[in-house]
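Descriptive analysis of the structure
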Amino acid sequence: MISGNPPIMAIVAPNLTTQSLFVKSLKLRQSRVRLPATMATPVAVTGTTVDQFKDHHPSLEVLGGACDSFCPIIKTHLDRPYNSFPVFGSNRHLETIFAAFFRKIPDVKLKRECLRTQDDGTVTLDWVSGDARNLPETSPILLLLPGLSGGSQDAYVRHMLVRARNRGWRVVVFNSRGCADSPVTTPQMYSASFLGDLDEVVGHITTRYPKANLYGTGWSMGANILVQYLGKESGARRFSGAVSMCNPFNLVMSDEDICQGFSKIYNRSLGKALGGILKKHLPLFEDIGGDYNIPLAANAETIREYDEGLTRISFGFKSVDEYLQKSCSADHIKNVQTPLLCIQARNDPIAPDRAIPREDIKMNPNCLLIVTPKGGHLGWVAGENAPLGCPWTDPMVMDFLQHLENEKSGIQEATNSLLQPLEA
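Because the structure is predicted, anything quoted here is derived from the model rather than measured.

1. Concerning empty space enclosed by the protein
One pass over the full model with this rule turns up 3 cavities of 30 Å³ or more. In this structure, the largest cavity spans a volume of roughly 270 Å³. Along the walls of the largest cavity sit 21 residues, with Leu 148, Met 221, Ile 303, Asp 307 and Leu 324 positioned nearest its centre. For the lining of the largest cavity, the leading source of residues is helix α13 (residues 303-314), giving 5 residues. Residue composition of the lining of the largest cavity, by class: 15 nonpolar, 3 polar and 3 charged. The volume enclosed by the second largest cavity comes to roughly 190 Å³. As for the second largest cavity, its lining consists of 19 residues, and the residues nearest its centre are Pro 146, Phe 174, Ser 176, Tyr 190 and Ile 225. Counting residues per element, the ones that place at least two in the lining of the second largest cavity are α8 (196-208) and α9 (221-232).

2. Quick word on the environment of Val 173
Within the element layout of this structure, Val 173 appears in strand β5 (residues 170-175). With relative accessibility at 0%, the residue Val 173 sits in the buried group. Remark: the alpha-carbon pair of Val 173 and Leu 142, spanning 31 residues in sequence, is separated by 8.4 Å. Excluding residues within four positions of it along the chain, Val 173 makes contact with Thr 124, Leu 125, Asp 126, Leu 144, Pro 146, Gly 151, Ser 152, Val 157 and Leu 161.

3. Some details on the packing of aromatic side chains
One pass over the structure, following the stated rule, counts 12 aromatic pairs. Relative to Tyr 323, the ring of Phe 317 lies with its centre 5.5 Å away and its plane at 50°, an arrangement referred to as tilted. The same class applies to Phe 317 as to Tyr 323, namely buried.

4. Quick word on the sheet that holds strand β7 (residues 239-245)
If you trace the 9 strands from one edge of the open sheet to the other, you get β1-β9-β8-β7-β6-β4-β5-β3-β2, paired in mixed fashion. Strand pairing shows two members of the sheet lacking a second neighbour, β1 (61-63) and β2 (110-116), which therefore form its edges. On average, adjacent strands in this sheet sit at an angle of 20° to one another, irrespective of strand direction. Pairing of strand β3 (residues 122-128) with β5, which is carried by 4 bridges, proceeds in the antiparallel orientation. Opposite Thr 124, over in β5, you have Asn 175 as the bridge partner. Relative to the sheet, α9 contacts β4 (141-145), β6 (214-219), β7 and β8 (340-345), its axis offset from that of β7 by approximately 145°.

5. Observations concerning the pattern of salt bridges
Per the stated rule, a full pass over the model turns up 21 salt bridges. Between Arg 167 and Asp 399 there is a salt bridge; the shortest N-O distance is 3.8 Å. With Arg 167 in the loop between α7 (155-165) and β5 and Asp 399 in helix α16 (residues 393-409), the pair connects residues that are 232 residues apart, well separated along the chain. The same class applies to Arg 167 as to Asp 399, namely buried. Notably, a salt bridge pairs Asp 199 with Arg 238, separated by 2.9 Å at the nearest N-O pair. Highlighted residues: Asp 199 in helix α8 and Arg 238 in the loop between α9 and β7, separated in sequence by 39 residues. Taking the relative accessible area as the measure of exposure, Arg 238 reaches 28% and is therefore partly exposed. Among the ionic contacts, a cluster of salt bridges with common partners joins Glu 61, Arg 346, Asp 353 and Arg 358.

Calculation rules
In this convention, every chain numbers its residues from 1, walking through the sequence in written order. Residues qualify for local features only when their pLDDT is at least 70, as the model is predicted, and side-chain atom pairs are given and counted only at 80 or more; totals for whole chains, interfaces and linings, by contrast, use all residues. Side-chain numbers come from the whole structure's heavy atoms, not from hydrogens or water. Using a 1 Å grid laid over the protein atoms alone, points where a 1.4 Å probe fits but cannot get out form a cavity; open sets with protein on both sides within 12 Å along at least 5 of 7 lines form a pocket; any residue with an atom within 4 Å of a point counts as lining. Grid points are joined across faces, edges and corners, and a volume is the space filled by probe spheres set on the points. The numbering of helices and of strands both runs from the N terminus, where a helix is a DSSP run of H or I of at least 4 residues and a strand a run of E of at least 2. Residue classes follow a fixed rule: Ala, Val, Leu, Ile, Met, Phe, Trp, Tyr, Cys and Pro count as nonpolar, while Asp, Glu, Lys and Arg count as charged, and any other residue, Gly among them, counts as polar. Here's how the labels work: a residue is buried when its accessible area is under 20% of the maximum for its type, exposed when over 50%, partly exposed in between, all with a 1.4 Å probe on protein chains only. Any two residues whose heavy atoms approach within 4.5 Å at even a single point are treated as in contact. Two aromatic rings from Phe, Tyr or Trp, using only the six-membered ring of Trp, form a pair when their centres are within 6.5 Å; if the ring planes differ by under 30 degrees the pair is stacked, by over 60 it is edge-to-face, and anything between is tilted. Paired strands, in this sense, are two strands between which DSSP finds at least two bridges. Under this scheme, a helix contributes an axis fitted over its contacting stretch, all axes are lines through C-alpha atoms, and angles between N-to-C directions fall in the 0 to 180 degree range. A pair is scored as a salt bridge if a Lys or Arg side-chain nitrogen falls within 4 Å of a carboxyl oxygen belonging to Asp or Glu.

If you want it as structure tokens, here you go:
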């Protein structure tokens, strides 16, 4: 979700260079046992009792109406302690920024498809190049929804893409209007409340691959949009399963937190990122008129300034506060009928722990929540691939989705010997 410039690192740790941090963390790590880098496999749910899966490592919070159904699937992950990587995982802001700027970005060749929407807007879909001819039409599809101002270029998106693709999945990244250098063809961008573009993307994908099962994974604002869609839209039935990570859930609470203390850095960074996207397409907005304040949005110092100048007017809200109040996925998670795994970090500076709708998740037989003690926002610098590899969440997410696909299709795992594995 965050976007900005590397100098932010100096604000977090002005007396530590990146090299010194890395060396220090590796020295601390020498005494820790590192598991071999093997691919996780789904856990078979046979001959077990419910009581076995009520126990999990105390470092994790696990709850939800689907506990008895989903916990056996990811039992190997729930049994292990969550151990943050030394130094980088010691502070939520350091972890968030380190992951955003220093996590390795897998090099993947993508093929872009521009999709024109009903209002003549444009979103882009980035597919793995060559998969259209190399994968069977029945291969499961994973739709990835990045965070605010994010896209297929982001490290956390690429790592999930590589992991799923190497399991034989067809993966596609949904880039919102203007994100990841997507074209903007109308004077309307995107918002946390607008589900129309996602609905058209889902319809487009399922029409192209009618024999394949569709799954979704969203991060941050992408997770908020995905969960709203699952709880509100009739098109949600086209998803066979979904994962939500770092979901702010309640945008009012998220706005409160991001306007305080060090978190103002993220607010400023995101505001400038949104304004930067708008500046690239200013001619489209020159004669828009009405209550719009395009100069305010284009030069926004905060997310709220951007939303005040553009978003809330584009989508018919009287104020930014009304827009935030009516864009909360927490209000709709109780209606989700799709298998849904939610993963949050208790110390997330952007998606606050108090915003998690725990009671609704407990009452929904389709939902499972896992909360880690640390992780920051889109960080999770932990696990066998830390500090530069994929987030701690990725192996668990893939095991969860693969199990759902196995049950849905009756096939143990999607494989294709013709595929060239992607490097993470």
